[in-house]
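Summary of structural features
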Amino acid sequence: VPVGLSGMEKFLKIRSVMLSKPPSVVLAVGDANKFATPGEIIRVPTAQGAIDLRCDKIEASRVVLTDVKTGTQVELRSN
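Residues numbered from 1 in each chain as written. Predicted model: local features only at pLDDT ≥ 70, side-chain atom pairs only at ≥ 80, totals over all residues. Heavy atoms only, no water.

Side note on the pairing of strand β2 (residues 24-29)
Along a regular strand, successive side chains alternate from one face of the sheet to the other. Short version of the rule: Any residue under 20% of the maximum accessible area for its type is buried, any over 50% is exposed, and the rest in between are partly exposed; the area is computed with a 1.4 Å probe on protein chains only. A run of H or I in DSSP counts as a helix once it spans at least four residues, and a run of E counts as a strand once it spans at least two, with each numbered from the N terminus. Between any two strands, pairing holds if DSSP finds at least two bridges.
Of all six residues in β2, six are buried, a share of seventy percent or more. Burial along β2 is two-sided: the residues Ser24, Val26 and Ala28 and Val25, Leu27 and Val29 are all buried. Relative to β2, strand β1 (residues 12-18) is paired through six bridges, and the arrangement is antiparallel. By the bridge assignment, Lys13 is partnered in β2 with Ala28. Connecting β1 to the next strand, β2, in antiparallel fashion are five residues. Here five bridges tie β2 to strand β3 (residues 32-36), and the two strands are oriented antiparallel to one another. From the neighbouring strand, Ala28 faces β3, where its bridge partner is Asn33.

Examining the sheet that holds strand β6 (residues 62-67)
Where we set the bar: For helices, the axis comes from a line fit to the C-alpha atoms of the stretch in contact; other axes are also lines fit to C-alpha atoms, and the angle between any two N-to-C directions lies between 0 and 180 degrees.
Strands sit in the order β4-β5-β6-β7 across an open sheet of four strands; the sheet is antiparallel. Of all strands in the sheet, those with a lone pairing partner are β4 (41-44) and β7 (73-77), marking the two edges. Looking at each pair of strands side by side, their axes are set apart by 35 degrees on average, direction ignored. Summarising the sheet, β4 and strand β5 (residues 51-58) pair through four bridges and their orientation is antiparallel. Considered in β5, the bridge of Ile42 is made with Leu53.

Here we look at the environment of Val63
Our working definition: When checking whether two residues touch, look at their non-hydrogen atoms; a contact exists if any pair is within 4.5 Å.
Mapped onto the elements, Val63 comes out in strand β6. When the C-alpha atoms of Val63 and Val17 are compared, they prove to be 8.9 Å apart, with 46 residues separating the residues in sequence. If near-sequence neighbours (up to four positions away) are discounted, Val63 is found in contact with Ile14, Val25, Cys55, Lys57, Val74, Glu75 and Leu76.

Here it is in structure tokens:
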């Protein structure tokens, strides 16, 4: 996992998931909230610089994001 994505699951948290058409998610990104639907890009600031993550999949208990630059996937699970 690239340095920028290691520990990303601890930095990004699922706030809420709406399983409407299209599904959407609200993510806690540090102190901010970001809204996304599938295909949308979320810019996440890190110590190494910003990372652009594409929202690929939204399900009831998980969200899959892909680093646009490297193709590395990050899976977030709700508690």
